[in-house]
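Results of the structural survey
Listed below are the residues making up each chain.
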Amino acid sequence: MIRAAGLFVIPLIPLVYLTYAVMIAQVNDPIKYIYSITGSTAIVLLLLTTFLSLIKKYMNFIKYRRMIGLYGFFYSLLHFLNFYVFDAEFKLDFVIKESLDKPFVYLGMISFIILVFMAITSKKTLYSKYYKYHRLLYVVLVLVTVHFVMAQKSLSIIQWVYLLVIIILLGLKFYQKKNVLFKG
Amino acid sequence: MRLNHPKITQNDITPEELFNKRRRFLKLGAAAVVANSSIVELLAKDKYPTSNLNYIKDSNPSDLDLSTFDQITSYNNFYEFTTSKEKVKKLSHTLNPNAWTITIDGLVEKPFQLDISDLIKKFSLEERIYRFRCVEGWSMVVPWVGFELAKLIKLAKPLSDAKYVRFETLYDEERFPDQSRGVFSSIDYPYVEGLRMDEAMNPLTLMSVGLYGKTLENQNGAPIRLVVPWKYGFKSIKSISKITFTNEEPLNTWQKANPREYGFYANVNPNVDHPRWSQAKERVLGKFFKQKTLMFNGYEKEVASMYKNLDLKKFI
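Here's a quick rundown of the structure.

Calculation rules
- Residues numbered from 1 in each chain as written.
- Chains lettered and ligands numbered in written order.
- Predicted model: local features only at pLDDT ≥ 70, side-chain atom pairs only at ≥ 80, totals over all residues.
- Axes fitted to C-alpha atoms, helices over the stretch in contact; angles between N-to-C directions.
- Helix = DSSP H or I, 4+ residues; strand = E, 2+ residues; numbered from the N terminus.
- Parallel < 35°, antiparallel > 145°, perpendicular 65-115°, else oblique.
- Left-handed = near helix turned anticlockwise from the far one by under 90°.
- Contact = placed C-beta atoms within 7 Å.
- Nonpolar A, V, L, I, M, F, W, Y, C, P; charged D, E, K, R; others polar.
- Pairing = 2+ DSSP bridges.
- Buried ≥ 20, exposed ≤ 12 C-beta atoms within 10 Å, placed from the backbone.

Residues and elements named next belong to chain A. Running from N to C, helix α3 (residues 30-54) and helix α4 (residues 65-87) cross one another at 160°; their axes reach a closest spacing of 8 Å. Viewed along their axes, α3 and α4 adopt a mutual orientation that is roughly antiparallel. Both α3 and α4 take part in a crossing whose hand is left-handed. Counted together, Ile31, Ile34, Tyr35, Thr38, Gly39, Thr41, Ala42, Leu45, Leu46, Leu48, Thr49 and Leu52 of α3 and Arg65, Ile68, Gly69, Tyr71, Gly72, Tyr75, Ser76, Leu78, His79, Asn82, Phe86 and Asp87 of α4 form the full contact between these two elements. Split into classes, the residues belonging to the contact of α3 with α4 amount to 13 nonpolar, nine polar and two charged.

Below, the discussion takes up the sheet that holds strand β7 (residues 192-196) of chain B. Residue and element names in this part refer to chain B. One open sheet accounts for five strands, arranged β3-β2-β11-β6-β7; its pairing is mixed. At either end of the open sheet lies a strand with only one pairing partner, and these are β3 (112-115) and β7. On average, each strand axis in the sheet is tilted by 15° relative to the strand beside it, whichever way the strands run. As paired elements, strand β6 (residues 164-169) and strand β11 (residues 240-246) share six bridges and run antiparallel to each other. By the bridge assignment for β11, Glu168 is matched with Lys242.

Let us look at the pairing of strand β8 (residues 206-211) of chain B. Residue and element names in this part refer to chain B. Across the six residues that make up β8, a large majority, six, are buried. Of the strand pairs in this sheet, β8 and strand β10 (residues 225-227) are connected by three bridges, and their pairing is antiparallel. In the sheet register, Met207 faces β10, and the bridge partner there is Leu226. Here β8 pairs with strand β9 (residues 214-215) via two bridges, running antiparallel. Bridged to Gly210 within β9 is Thr215. Hairpin connection between β8 and β9: a loop of two residues separates the two successive antiparallel strands, and Tyr212 in this loop has a positive phi of roughly 50°.

Each side of the interface is counted separately: chain A has 18 residues, and chain B has 21 residues. Elements with a minimum of two residues in the side of chain A that touches chain B: α3 and α9 (157-183) of chain A. At three residues, α3(A) tops the list of elements feeding residues into the side of chain A that touches chain B. Across the side of chain A that touches chain B, the residue classes tally to eight nonpolar, four polar and six charged.

Let us look at unusual backbone geometry. A negative phi angle characterises most non-glycine residues, just as the trans form characterises most peptide bonds. Residues and elements named next belong to chain B. Here the amide bond leading from Tyr189 into Pro190 is cis, since omega sits at -5°, within 30 degrees of zero. By secondary structure assignment, the location of Pro190 is in the loop between β6 and β7. The omega torsion across Ala222 and Pro223 is 0°, close enough to zero to call that bond cis. Within the secondary structure, Pro223 sits in the loop between β9 and β10. The phi dihedral of Tyr212 is positive, around 50°, even though this residue is not glycine.

Residues and elements named next belong to chain A. Take Ala4: it is sitting in helix α1 (residues 2-9). Under the C-beta neighbour-count criterion, Ala4 is labelled exposed, with 11 such atoms within 10 Å. On a C-alpha basis, the gap between Ala4 and Thr50 in space is 18 Å, while along the polypeptide they are 46 residues apart.

Residue and element names in this part refer to chain A. Orientation of helix α5 (residues 92-101) relative to helix α6 (residues 103-120), taken along the N-to-C sense of each, is 105°, at an axis distance of 6 Å. Judged by the angle between their axes, α5 and α6 are roughly perpendicular. Only Val105, Tyr106 and Met109 of α6 make contact with α5, whose side of the interface consists of Glu98, Ser99 and Leu100. For the contact of α5 with α6, the class distribution of residues is four nonpolar, one polar and one charged.

Another point: the pairing of strand β4 (residues 125-133) of chain B. Residues and elements named next belong to chain B. Across two bridges, strand β1 (residues 55-56) lies against β4 in parallel orientation. Each residue of the ladder has a partner; that of Ile56, found in β4, is Glu126. One ladder, built from eight bridges, connects β4 with strand β5 (residues 138-148); its direction is antiparallel. Its bridge partner lying in β5, Phe132 is registered against Met140. Two successive antiparallel strands, β4 and β5, enclose a turn made up of four residues, where Gly137 displays a positive phi of approximately 110°.

Structure, rendered in structure tokens:
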């Protein structure tokens, strides 16, 4: 029970922090800051959902996977809204033009559309029908990693470390999947 | 009806000592109110530095809305320390801008080296309130203090075949931690920038040694930096240690790192997008709503003629 409550509250910490940073501490470049915090939180949470099945043998958190995944989607929604409301200032033509024009933007956009689909079909009644498509999350993880790298002007050491963690996790996942396939 | 004069007893009279104490207390209160407002004033002053430079003020004729000292000194791109704009301020204490010599060489009558303080003494300083637009899409307005680069060029006496000016940031791994990170460095060092001679001679082009009336903070490129207000911020190279006159277009750091995205000119242009993001608007520091970016960052009148034969879509 406490564990469930903790898992429910912890993913909200970045949002509380972001609200504080933007409204009270008044960071210099709020739009950019919202992108950074919501984007990195979404990536971490989405990675975590795939990580849960990896550690299932030692700690079984599978029943929280949907909730953490939905939190990941929630942060990606905030990320998208930041683009639509503050960056594009509600101009749909700007959103469409940028999405068609710039790889950096359409990688994010494709990922977001997949996540919308996954969030909707995560409802119990739909999940049984659509769960196989939830493997699209791996596509999302690859796309958002590229999107994240493209958001930087150059990579610093901390970002290399971040990238390394992502690659190792994805590698482990694929390795595990392969084993499962071979074992039938 | 009987008027009942209350009898004043000895107990009702405030003892003199207490009476005085009360007066003192009231005085103290009044003093506290005064002190409070002067403290507020002091605090407000504290947000802006005490001026330590003599310079001619800019009357700000276009009525630009200045960014605060705190904004200008807390959000800096200075990859020699870190790629995090928020962390530069804290990390830049190793810069040591007082022990600094500047070399002027290349195609000049006589190359020379000068201590930074001796160089600055040669020029009278003036304030220039300029828009500053970063290629990343954020912007601010900065009251720089400095002197025109043209004056320095006259002092350097370039030869007639000098067509470009090349600038270099100091290379010193002790002072700039990212320079010692080898393959993990965020960019190539030393940082290099360049201007065409006519751009360098333009009266807008400034060698800045201060802002808000005070010597430059380390994070803003102490002790001396370039300011080219109609170009993206990365052209305005910080902490310069060498100025070379040359007949070849210098290969600037960002062009070298990514020629598809960054060129030699880097003129602010709302009509030519960065491959990854739009340049039509900018995020003014501290504001939630974007504003339109102006052609040549609002300095079209002063600089457009220099580029009339240049395809601005091609020469980014």
